[in-house]
Each structure stands twice: as C-alpha cells, then as structure tokens.
Amino acid sequence: MSGRPERRPDGEYRIEDLAHASGTTVRSIRAYADRGLLPRPERRGRTNVYGDEHLARLGQIAGLLDRGYTLASIKELLEAWDAGRGLGGVLGLVAEVQGPWSDEESGRLTRAELAELFGGAADEAAVEEAVELGVLERVPGDPEVFLVPSPQQLTVAAELHAAGVPFAAITGQLRELRLRVEEIAAGLLDFTAEHVFQRYLDHPPSEAEATEAAGLVRRLRPLAQQTMDVELARAMRTLATRQLDEHLSGPPAPAAAAAAAPATVPVGLPAATVAAVRELVGPAATAEFVASAAEREVHKRRMDSLAEGRGAERDVAGGAAVS
C-alpha cells in the first residue's frame, strides 16, 4: 500500500470506494470480511456502507501483511487489539518469536556461482531438492538467481560434496538431522513453556505481560543454540575418539576372540530329549540347559572319582597298618 488512504468527507464508502481509498481490491476486502478481519458494514437497502473504522482496519491489515504476518496471525492480533490489550506488546512478542534465531545473514547466489561452488557440477535435480528443503529459495522473476537463507549451511554441503559425498547422501542426512533437531527443539520449548512462560499461557496476556514475555524470549533465545553447540561438540569428540580407538586397535586377537566366544562342537541328541527340554525351559534356553546339565554331570563324576580315589588310598593305608 502506497501513501495514506484518502478519507471521504462524509466518512462513508461503498466497497469500490473503500478499495480505492485503502489501495486494496474489492476481492481482498471481501476475503478479509469472510475471515472476520473486518467489522460488518452497515446495510442500507441493497448496499453495504463502510466507514472510517473499516478504512483504519484495512490500514492495519496492510501494515501487518507488509511485516510478513499471515492472515490467521493478523486475526489473533486484531482480536487482541479489539479486546483493549493493545498491539504494541503483542507485536513485539510475535516479532521476537518469528524473527531470526541466529545472527547469520542471508545471501544471494547466481546459478553460475552455485555450480562453481560445487566444483562445476550442474545437477538440476539437486537444485530442486535444495529448493524443496529451503536451502535455496527462488527469486520471483529471475530464474538465474537464488536466495540463500543460510550461507553457512550451503558451504557445509559444498565441503561435503568436495570430500566425495554424493548430493543424495547430503540431502538425506539433512532430512534426518532436521527430524532429530526438531524433536530436541520441541523438548526445549516444552521445558521453557512449563518453567518460564507458564504464567503467560493460562490467559490472554496484557500489554505489559506481552512486553515482558518478549524480553524473556530475547534473553533466552541464544541459549538454545549455545546449549546445542556445547553438547554437539562434546558428543562428537567422545564418539569420534571412541570410533578412532576401535579402528586403530584393529580386530581382536584370535586368543582373545576364542576366550570371548568359546568354541562349540555339534553333538547329536535324541529328538525326544530335545523336545522334553524345550517343553521344560522353552526353545530359547534349550541349548544353555543342555550345556549346564552336561557340565553338572561332568563335575559330579569328577567329584565322585576324586572321592573314590581318596577312599582307595585310605583302604590301602589301613591294610598296611593291620599287617
């Protein structure tokens, strides 16, 4: 919307006049009315008559649309305004939540620069997938230029590709990573909602409360990235060290492997015996039960043998004493 809407001396408008005065269209005015964004007009005969309050409301809607708000968000904000809570604090809170959550600035890249960044590889399928993922955004009216919301993310992808990672593997990893990070973000939001913002959530916030909540968001917002940075660095160091140690140590020595996993020898058992054991202890424990029973029997016979040998020694010693 350009300039300030022209105000009629009588403060009354037909819908065409209102569209002209507000710089919008008749179709948009009707759409706003259907969504409940505009008060109902006064009905005079077969004509709807609009007033200065409708012109002012269209100005508010246009301003919020210019700031990037959706019609659903605008409706909530205007309802807050109509309830007397004011828009200043609410708009400040929404701006803090919907604003950038990092200090990184977006950039632009031509198609030729994009191909050069990836070593001259011109993969249109990869470009389309990058657009789908939001790594690249098309510029309306210029198919040779892309908006790059996160140049750092694009640089990471280029480095991985230069290291030999295929485009499909890079985008697949990004999709998986997003799912896991969104789960972590949901947990952090639930945590702060419970312990920090709960006092604002059980009622529509006042102007002062909305302003206070916006200040809390501004203070706490960097903590999410800082926490993720620290924990990711710790996890990467721990797991990378472990993986390197396992790789350098090589496979286990044969003796160690034999000790860890005792050798087994197939033994034929009567089918009826195996069936009885399975019925007694279950299929999963059959082998262990048979092995334990065999070991127990071997141990018992060894003990009996030792006892018999000791008894024979006593008999020999007694006979010698008698003679």
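Structure shown above.
Residues numbered from 1 in each chain as written. Predicted model: local features only at pLDDT ≥ 70, side-chain atom pairs only at ≥ 80, totals over all residues. Heavy atoms only, no water.

Draft legend 1. Structural view of the pairing of strand S6 (residues 142-148). Here four bridges tie strand S4 (residues 107-110) to S6, and the two strands are oriented antiparallel to one another. Note that in S6 the partner of Arg 108 across the bridge is Leu 147. Of the strand pairs in this sheet, strand S5 (residues 137-139) and S6 are connected by three bridges, and their pairing is antiparallel. Following the sheet pairing, Val 139 is matched in S6 by Asp 142. In this antiparallel pair of consecutive strands, S5 and S6, the connection spans two residues, and Gly 141 shows a positive phi of 85 degrees. (Pairing = 2+ DSSP bridges. Helix = DSSP H or I, 4+ residues; strand = E, 2+ residues; numbered from the N terminus.)

Draft legend 2. How the structure looks around the sheet that holds S4. Overall, antiparallel pairing links the three strands, which are arranged S4-S6-S5 in an open sheet. Every other strand in the sheet has two partners, leaving S4 and S5 as the edge strands with one partner each. Each neighbouring strand pair of the sheet contributes to a mean axis angle of 40 degrees, computed without reference to strand direction. (Axes fitted to C-alpha atoms, helices over the stretch in contact; angles between N-to-C directions.)

Draft legend 3. Structural context of the packing of helix H1 (residues 15-22) against helix H3 (residues 52-66). Two elements in contact, H1 and H3, have axes separated by 10 Å at closest approach and are oriented at 40 degrees. With respect to their mutual orientation, H1 and H3 come out oblique. Here the hand of the crossing between H1 and H3 comes out right-handed. Between H1 and H3, the contacting residues are Leu 18, Ala 21 and Ser 22 on the first element and His 54, Leu 55 and Leu 58 on the second. (Parallel < 35°, antiparallel > 145°, perpendicular 65-115°, else oblique. Left-handed = near helix turned anticlockwise from the far one by under 90°. Contact = heavy atoms within 4.5 Å.)

Draft legend 4. Representation of the sheet that holds strand S2 (residues 42-44) in the model. Taken in spatial order, the three strands make up an open sheet running S1-S3-S2, and their pairing is antiparallel. The outermost strands of the open sheet, each flanked by one partner alone, are strand S1 (12-13) and S2. Looking at chain direction, S2 and strand S3 (residues 47-51) are connected through three bridges and run antiparallel. Bridge pairing in S3 places Arg 43 opposite Asn 48.

Draft legend 5. A look at the pairing of S3. Alignment of S1 against S3, held across two bridges, turns out to be antiparallel. In the strand pairing of S3, Glu 12 is matched with Gly 51. In this structure, the hairpin formed by S2 and S3 is closed by a connection of two residues, where Gly 45 is found at a positive phi of approximately 65 degrees.

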